[in-house]
Each structure stands twice: as structure tokens, then as C-alpha cells.
Amino acid sequence: MSDKKCSEPETNDCVMPVRSANPIRARSLIRDNLEKQAGTLNLIHSRMPNIKVFSGTSHPDLAQRIVDRLGIDLGKVVTKKFSNLETCVEIGESVRGEDVYIVQSGSGEINDNLMELLIMINACKIASASRVTAVIPCFPYARQDKKDKLAGGEDKEENKLAKKNYDWKFRSRAPISAKLVANMLSVAGADHIITMDLHASQIQGFFDIPVDNLYAEPAVLKWIKENIPEWKNSIIVSPDAGGAKRVTSIADRLNVEFALIHKERKKANEVASMVLVGDVKDKIAILVDDMADTCGTIVHAADRLVEAGATKVYAILTHGIFSGPAISRINNACFEAVVVTNTIPQDGHMRDCPKIQCIDVSMMFAEAVRRTHNGESVSYLFSNVPY
């Protein structure tokens, strides 16, 4: 029976006999058979693997919004802590050969959440996932991206005073923690990073893997046009010189003017003085920044803008951290509204402060995941909001 099957030329699974009356033809048939098998393997590898999205414990609401937009279910994962507070993660379904996305934001208990993300990445990687992408809406330790100044100046009295007060500008032994986090993510097994509004775009250079840094700007422009009726009489203001590029881009797209505030610090989280560069008199001032922590800067900036003659002051921030006295400061400040995105959970902050409003950016992350999964360009998201 087997000889009969092998003698039929139309059978694809026929095994080539070892001996042949025509060795040249035998070699030709072997070559054709190997090329056919190679073509089949290439076809298998060219197919995009199935997608799996898992959520860490930092922001499950955003992860759920992302999968709802994609029309899939969240992957099953169990996260728990042992009695000694070690983190344990168990992936509850197969990820072999899958395209895996793990959503975890740098908020709340940042160190615990970062460790949880690293463990989840590694768990998926050693379970033979085809690709693991870390979706990190708010990148942790992004503000520790450089050494500001070196100690050991010529003025000995100034150096003594700096040592006594631990002046934040004299940090010769300060770490570059953002680079350390980048190394940890790579070593854990991440193949790709998706984040939003990095504190410094150069952080992308800390990685040897692809990093897609999305921008909240398109969603911010949409909010301004829909919620500020007199936006054509507005001026976009940066609370520090580092955000000048961000505000000029928004001002250009709105066709309005921009200004900036030069600030000097004595030490971290404490602003010494502010100088306004630009004319805000009789205009609606819109403060734009990438993040707000204790909110000392934006509150001082708002007061400075009112003193300079601004009729209304809004603040639009990508990452609303709001730690320490931030909420009470906003409640007592002269803001019409403080607008943030949901890269960090904001439900509690919005309950405590009615001035805080939230822009949903889950559709931007969902579209970035979809385009990455399908091998499409993500640059569309840099200037457009997917509807």
C-alpha cells in the first residue's frame, strides 16, 4: 500500500527513495522538496501571532479600556505578595508564540509596580512569548535622567554651604535612574516600549530596543477647542524653560501666541523665583506641562499669570501625580480647571478636587497596540486622535 502511494506523482507527502536510476533527477526532486518545505516554514513565520494584553495592578481601568477598544479580553494573570512582601506573578493562560502587551503605569507604589512589571515581562518571555511589549503610560523615574551639576566649584564657602544644606544643584554622585530602569526592562526581556510624553525625549536613547513615545498633544488640542469657548484669545504658557518646545508646537497648531516662565530653584520641590517672558494681559492663559507632582510650580505660575493680567488660567498636564499637598494647593489656587490625562488613575483626585478634569487617552494606546501588532506605522498618532 505504501509503495503505491509513493509511486503516485500527485502525492505531496511522498518520501524520495534513496536509490534512483537517474541521480540528476533525484537531486532535482530533493531540491524541489526542500524548497517547498522552506516556503511552507516562511509562510508560517510570516503570519502575525495572536495578541494577548495583560494588566498590572497599577492601572487596571486603563488596561480594560484598551482591550475594550481592541475588542478582546484581558489576559488572565494573578498577582499576589508573600508575607515578606515579595511579589509573585502567575500568568493564567498560554502565551507561547503570542504577541504580548503588558500595561503597567509608573504610579501609586512605584517601586512595587515596577518590580511587578519586570516579573510579568520575564514570566511571559520564558514562557516562549513571541514578542513582549511594555505599555508604560507614565514612565517611572523619568525625572532622574541626568546629573544636573558637578560639585567641587572654586568657591569653597559655596561648597561648604551646599554640603550643609544638601543643595539639589550639587549632586556629583547623583544616579541616572531612568537609564537604570531602561536597562532593567531590557534585561527582563522587553522587546518594545510604548509610553507617553517622556519627561525628556532623550530617554529613548537609553534603550537598545524600539521605544514609541506617544504625545498627548492631539488630545489636548481637541479638549481646548471643545471646552474653552474663547480659545482664540488664549496664550499657551510653559511653567519652565524645558517645556518651550511643547508649548510652541501647541501654539502653532492653534495659531495663538505663547509665553514661558523662567524659574529658579533653591532645592527640589521648592521654587525660588519666577520671571514671565511674554504678554498675557487680557488673555486666557493655558499652562501646559508634562507632569505635576506637588503642584508648587504650576500654582506659583498661575499666581504670576494673574498678576500679569490674565483673565482666566487653565492648566493642562499629561501626568497628574498629585502627591503631598498638591490637591489642597489646587483647591486654593485660581485655576478655572486643571486638566490631566488618565495615564495615572485620577478617580480619587477628581473626588477630592472638583477643578480636576480628565482626558481619556486609552484610544491612543489601543491604536498604538493595534498598529504595532499589525506592523503599521504609529506616526499617525503623533498629530491625530483616533476616533
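Look above for the structure.
Here is what the cut-offs are and how they apply
- Numbering of residues starts from 1 in each chain and follows the order in which that chain's sequence is written.
- For a predicted model such as this one, the threshold for reporting local features is a pLDDT of at least 70, and the threshold for listing and counting side-chain atom pairs is 80 or more; totals across whole chains, interfaces and linings nevertheless cover every residue.
- Side-chain measures here rest on the full set of heavy atoms in the structure, leaving out hydrogens and waters.
- Each Phe, Tyr or Trp ring, with Trp reduced to its six-membered ring, pairs with another whose centre is within 6.5 Å; inter-plane angles below 30 degrees give stacked pairs, above 60 give edge-to-face pairs, and intermediate values give tilted ones.
- Numbering of helices and strands runs from the N terminus; a helix is a DSSP stretch of H or I covering at least four residues, while a strand is a stretch of E covering at least two.
- Only protein chains enter the accessibility calculation, which uses a 1.4 Å probe; a residue is then buried when its area is under 20% of its type maximum, exposed when over 50%, and partly exposed in between.
- The salt bridge criterion pairs a side-chain nitrogen of Lys or Arg with a carboxyl oxygen of Asp or Glu, the two atoms within 4 Å.
- The span expected for a helix works out to 1.5 Å for each residue beyond the first.
- Two strands are counted as paired when DSSP detects at least two bridges linking them.
- Fitted lines through C-alpha atoms give the axes, limited to the stretch in contact for helices. The angle between two N-to-C directions lies from 0 to 180 degrees.
- Here, residues are in contact when the closest pair of their heavy atoms is within 4.5 Å.
- For this classification, under 35 degrees means roughly parallel, over 145 means roughly antiparallel, 65 to 115 means roughly perpendicular, and everything else is oblique.
- In this scheme, a crossing is called left-handed if the near helix is turned counterclockwise away from the far one by less than a right angle; it is called right-handed if the turn is clockwise.
- Under the scheme applied here, ten amino acids are nonpolar (Ala, Val, Leu, Ile, Met, Phe, Trp, Tyr, Cys and Pro), four are charged (Asp, Glu, Lys and Arg), and all others, including Gly, are polar.

Q: I keep staring at the packing of aromatic side chains and nothing clicks. Help me out?
A: To describe a pair of aromatic rings, one takes the distance between the centres and the angle between the planes. Under the defined criterion, the tally for this structure stands at three aromatic pairs. Ring geometry for Phe-139 versus Phe-207: centroids 5.9 Å apart, planes at 80°, classification edge-to-face. Taken together, the residues span a long stretch of sequence, with Phe-139 in the loop between strand S5 (131-136) and helix H5 (156-165) and Phe-207 in the loop between strand S6 (192-196) and strand S7 (211-214) at a distance of 68 residues. For Phe-207, a relative accessible area of 7% translates into the label buried. With centroids separated by 6.4 Å and ring planes inclined at 70°, the aromatic side chains of Trp-223 and Tyr-314 adopt a geometry described as edge-to-face. Of this pair, Trp-223 sits in helix H7 (residues 217-227) while Tyr-314 sits in strand S12 (residues 312-320), placing them 91 residues apart in sequence.

Q: Mind showing me how you'd approach the pattern of salt bridges here?
A: All told, the structure shown has 17 salt bridges when counted by the stated rule. Between Arg-143 and Asp-293 there is a salt bridge, and its shortest N-O distance comes to 3.1 Å. Linking Arg-143 in the loop between S5 and H5 with Asp-293 in the loop between strand S11 (284-292) and helix H9 (296-307), this pair joins segments that are 150 residues apart in sequence. For Asp-293, a relative accessible area of 15% corresponds to the buried category. The structure contains a network of salt bridges with shared partners spanning Glu-367, Arg-370, Arg-371 and Glu-376.

Q: Explain helix H12 (residues 362-373) here, please?
A: Every α-helix carries 3.6 residues per turn, so stepping three or four residues along brings you back to the same face. Look at H12: 16 Å from first C-alpha to last across twelve residues, which is about the 16 Å you get at 1.5 Å a residue. Buried residues dominate H12, accounting for eleven of its twelve residues. Taken as a whole, H12 has its buried residues at Ser-362, Met-363, Met-364, Phe-365, Ala-366, Glu-367, Ala-368, Val-369, Arg-371, Thr-372 and His-373. Looking at the residues trailing H12, positive phi occurs at Gly-375, about 70°.

Q: How do you make sense of unusual backbone geometry when you look at a structure like this?
A: Backbone geometry follows two general trends: most residues other than glycine have a negative phi, and most peptide bonds adopt the trans configuration. Residue Ser-128 is not a glycine yet carries a positive backbone phi of 70°. On the basis of relative accessibility, which here comes to 32%, the residue Ser-128 falls in the partly exposed class.

Q: Help me out: how do you make sense of the sheet that holds strand S4 (residues 99-103) in this one?
A: In any sheet, the strands associate via hydrogen bonds between backbone groups, in a parallel or an antiparallel arrangement. With parallel pairing, five strands are arranged side by side in an open sheet as S1-S4-S5-S6-S7. On the outer flanks of this sheet lie strand S1 (51-55) and S7, each paired with one strand and no other. The average undirected angle you get between the axes of adjacent strands in this sheet is 15°. Direction of pairing for S5 relative to S6: parallel, over a ladder of four bridges. In the strand pairing of S6, Val-135 is matched with Ile-194. Packed on one face of the sheet, helix H3 (residues 60-70) meets S1 and S4 and runs near 160° to S1. Strands S1, S4 and S5 of the sheet are contacted by helix H4 (residues 110-126), whose axis makes an angle of about 165° with S5.

Q: Please explain the side chain of Ser-55 as it appears in this structure.
A: Within the secondary structure layout, Ser-55 lies in strand S1. The class of Ser-55 is buried, set by a relative accessible area of 11%. Beyond its immediate chain neighbours, meaning those up to four positions away, Ser-55 contacts Pro-60, Ala-63, Leu-74, Val-77, Val-103 and Met-120.

Q: Help me understand the packing of H7 against helix H8 (residues 244-254), please; the structure alone is not making it clear to me.
A: Between two packed helices, both the angle of their axes relative to each other and the distance between the axes serve to describe the pair. Axis separation between H7 and H8 bottoms out at 11 Å; the angle between their running directions is 50°. Judged on the interaxial angle alone, H8 and H7 are oblique. For the pair H7 and H8, the crossing hand works out as right-handed. The residues of H8 that touch H7, namely those facing Glu-217, Val-220, Leu-221, Ile-224 and Lys-225, are Ser-249, Ile-250, Arg-253 and Leu-254. For the contact of H7 with H8, the per-class residue count stands at five nonpolar, one polar and three charged.

That's the geometry; what it means functionally is another story.
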